[in-house]
Structures are given as structure tokens and as C-alpha cells.
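Structural characterization, general
Chain by chain, the residues:
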Amino acid sequence: MKERKEAEEVEEHGRNIAAFFDLDGTLTALPSLERRFFRMLRYRRAIAAKNYWRWLVETVRLAPRGVRAILHGNKAYLRGVAVDRLGEFGLKPASELYGDGIERMAWHARQGHTIVMVSGTLEPLANEAARAIGEGLAARGIFPAIRVCATRLEQMHGRWTGKILGEAVFGKAKLRAALRMAAEMELDLEQSYAYADSPNDRWLLAAVGRPMAVNPTSDLARLARIHGWPVLNWEGKENLTQRRRGHREIAEKKRLPSVIA
């Protein structure tokens, strides 16, 4: 009974610990998911010509707030693009995921930690990445509930309006998102983890007791040395899409009757 009580206490404590993962450059190799999505839309000529002018006007408006505000806050190019274009074009970020990152996420799942993907990318792209990771881990018998906090887009009649709902999730906005989630779920940030590759994530890294600089830029590497944050070099891209396809093929072969010539 004592051992069972201790195990329950450990499990309960694990539920109060979170692991916050940045996406672009941390779990996935660059270029970013949104940049690849933009290229795909442009190649398929899904972006109206007027949208480039709208994007330019919005860029001028956001210019006083800096380049990052433009990159993360200007979604005018998506105005009028059908929401289901994402599924139609079949954007699959799974092939660009770092294997070491997936292993780290699997470890957190086994510990019972709350896994949160905090990203400035578009929410549909982050959801697709979370789904791919979840299916890949499920093939190993691990079933994590991956929460996603990403930049939300306004929709109207099945199309994006080019406007953001709330605020773009980058910089200090990631910190605010983590603090809100910590308050709602009673998470212990002092015992929690955060993984990121950019100096723009320094506020999120500083908010947890176990920050990790992953494949850091030179600026973040310098900050990591100053603050004594561990540096991780993740590599080994893992194609979860092929792995899922392989599992399906094996399952189908098992169901097929044997044929003797």
C-alpha cells in the first residue's frame, strides 16, 4: 500500500509538470512550416494577386513594430484562401521532424508530463504537426495528449480573412500563453521544461526551471552561456509518415489470405 501511494504521488506530481516545445527550428527543420505552406499556395496559384498588395500595405502598417511583427503578424496573403486548401495540398510536416525531439517528447509522455506545443506558426499547421507526432508515438504504444498553442486565424464562410484572432504567438506572447496555461492547469513552472531555438523564445525559456536551448542560433547560444542553460543539438530526421504507412501495410498483409501458386 505504501509503494502504491508513493507511485500515485509521483504520477500526480508529473501531471503538474509541463514540457513546452517550440516547433519551427526546434522540432522541425527550417524553413518554417508557414513558409513552405506559402510556397505551396503560390505554386498552386491559390493566392489572389490583390493579396500581395494587401500584404504590402499591412507590412507598412506593422513596420514600426519591427521585422518580427511583420513576419508573424501579417497574414494578409491568406485572404480568401479556402480553409480546406491545407488538406487538399496534403502538407505533411512529419518528414521534417527531428528524431531526437520525438524521443524527448516520448520521454515526457512516459513521465506523465503535460506536453504543450507553443508556436508562432499558423494553428492549422501546428495541429497537423501535433497529429503526425501523436500518430507516430501511438505506433510505439505511447498516447500523449499534445496541446497546441499557435497563431489563430479568422475564418468566414470557409475562407480565411487574412486577420489574426487574438495575438500572434511569438516573443512575449509565448510567455503569456504559458502563464495562462499554468494558471488554468495548476502547473509547476519551476519544475517544467521548455525547448526552443531562437532568442525570441528567451522569455519562455526564462519562465521555467528547466530551459533547453535546442539547435540554438548564435544569439540564443550566447544567452544560454550567460544564463547557464543546457544546449541540445537535435538531429536525425524521422519520417513518421513513412512509418505510419509501413505499419498500415504490415497490418493489411496480415489480414490478406495466403496465396499458394
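Above: the structure in question.
Now for a look at the structure at hand. Predicted model only: the values in this text are computed from it and were never measured.

1. Examining the layout of surface pockets
Looking at the largest pocket, its volume works out to about 880 Å³. Considering the residues around the largest pocket, the lining is formed by 29 residues, among which Ser 32, Arg 35, Arg 68, Leu 71 and His 72 are closest to the centre. Contributing elements (two or more residues each) for the lining of the largest pocket: helix H2 (33-43), helix H3 (49-62), helix H4 (67-73) and strand S3 (114-122). Along the lines of polarity and charge, the residues of the lining of the largest pocket split into 9 nonpolar, 11 polar and 9 charged.

2. So, a nonpolar patch on the surface
On the surface, Trp 53, Trp 55, Leu 56 and Val 60 cluster together to form a nonpolar patch covering roughly 450 Å² of accessible area. Along the chain, the position of Trp 53 falls in helix H3. With a relative accessible area of 63%, Trp 53 lands in the exposed category.

3. Quick notes on the sheet that holds strand S7 (residues 210-214)
Strand order in the open sheet formed by 7 strands is S5-S4-S3-S1-S6-S7-S8, with mixed pairing between adjacent strands. In the strand order of this sheet, the two ends are held by strand S5 (159-165) and strand S8 (231-232), each with one partner. The pairing of strand S1 (residues 18-21) with strand S6 (residues 193-196) spans 3 bridges and is parallel. Bridge pairing in S6 places Ala 19 opposite Tyr 193.

4. Description of the pairing of S1
Side chains Ala 18 and Phe 20 of S1 all project onto a buried face; the interleaved residues Ala 19 and Phe 21 project onto the opposite face, where all are buried too. Both S1 and S3 contribute to a ladder of 4 bridges, which runs parallel. Looking across to S3, one finds that Ala 18 is bridged to Thr 114.

5. Overview of the pattern of salt bridges
Going through the model one piece at a time under the given rule, you end up with 9 salt bridges. With a shortest N-O distance of 2.9 Å, Glu 103 and Arg 140 are connected by a salt bridge. Of this pair, Glu 103 sits in helix H6 (residues 99-111) while Arg 140 sits in the loop between helix H7 (123-138) and strand S4 (146-156), and the two are 37 residues apart along the sequence. Overall, Glu 103 belongs to the partly exposed group, its relative accessible area being 39%. One connected set of salt bridges, linked through shared partners, spans Asp 22, Lys 174 and Asp 201.

6. Here we look at the packing of aromatic side chains
The description of two aromatic rings rests on the distance between their centres and on the angle between their planes. One pass over the structure, following the stated rule, counts 6 aromatic pairs. Their ring planes at 80° and their centres at 6.0 Å tell us that Trp 107 and Tyr 193 sit as a pair that is edge-to-face. Here the residue Trp 107 occupies a position in helix H6, and Tyr 193 occupies one in strand S6, the gap between them amounting to 86 residues. Since its relative accessible area comes to 10%, Tyr 193 is described here as buried. An aromatic cluster is built from Phe 21, Trp 107, Tyr 193, Tyr 195 and Trp 234, whose rings are joined through pairwise contacts.

7. So, unusual backbone geometry
Cis rather than trans, the peptide bond between Leu 30 and Pro 31 has omega equal to 10°. Secondary-structure assignment places Pro 31 in the loop between S1 and H2. A positive phi is found at Arg 45, a non-glycine position, where the angle reads about 55°. Relative to the assigned elements, Arg 45 resides in the loop between H2 and H3. The exposed category is assigned to Arg 45, whose relative accessible area is 78%. A positive phi angle is found at Asn 215, which is not glycine, with a value near 40°.

8. Notes on helix H8 (residues 172-185)
For H8, spanning 14 residues, the distance from its first C-alpha to its last is 20 Å, which sits close to the expected 20 Å at 1.5 Å a residue. All of the buried residues along H8 are Ala 173, Lys 174, Leu 175, Ala 177, Ala 178, Met 181 and Ala 182. Buried residues along H8 sit against S1, S3, S4 and helix H9 (202-207). The first or second residue beyond H8 is Glu 186, which carries a positive phi of 55°.

What counts and how
Residues numbered from 1 in each chain as written. Predicted model: local features only at pLDDT ≥ 70, side-chain atom pairs only at ≥ 80, totals over all residues. Heavy atoms only, no water. 1 Å grid on protein atoms, 1.4 Å probe; cavity = no way out; pocket = protein on both sides within 12 Å on 5 of 7 lines; lining within 4 Å. Points joined across faces, edges and corners; volume = space filled by probe spheres on them. Helix = DSSP H or I, 4+ residues; strand = E, 2+ residues; numbered from the N terminus. Nonpolar A, V, L, I, M, F, W, Y, C, P; charged D, E, K, R; others polar. Patch = residues over 30% accessible without salt bridge, like charges linked within 9 Å, V, L, I, M, F, W, Y side chains within 5 Å. Areas by Shrake-Rupley, 256 points an atom, 1.4 Å probe, with all protein chains shown as cover. Salt bridge = Lys/Arg side-chain N within 4 Å of Asp/Glu carboxyl O. Buried < 20%, exposed > 50% of the residue type's maximum accessible area, 1.4 Å probe, protein only. Pairing = 2+ DSSP bridges. Phe/Tyr/Trp six-rings, centres within 6.5 Å; stacked < 30°, edge-to-face > 60°. Expected span 1.5 Å × (residues − 1). Contact = heavy atoms within 4.5 Å.

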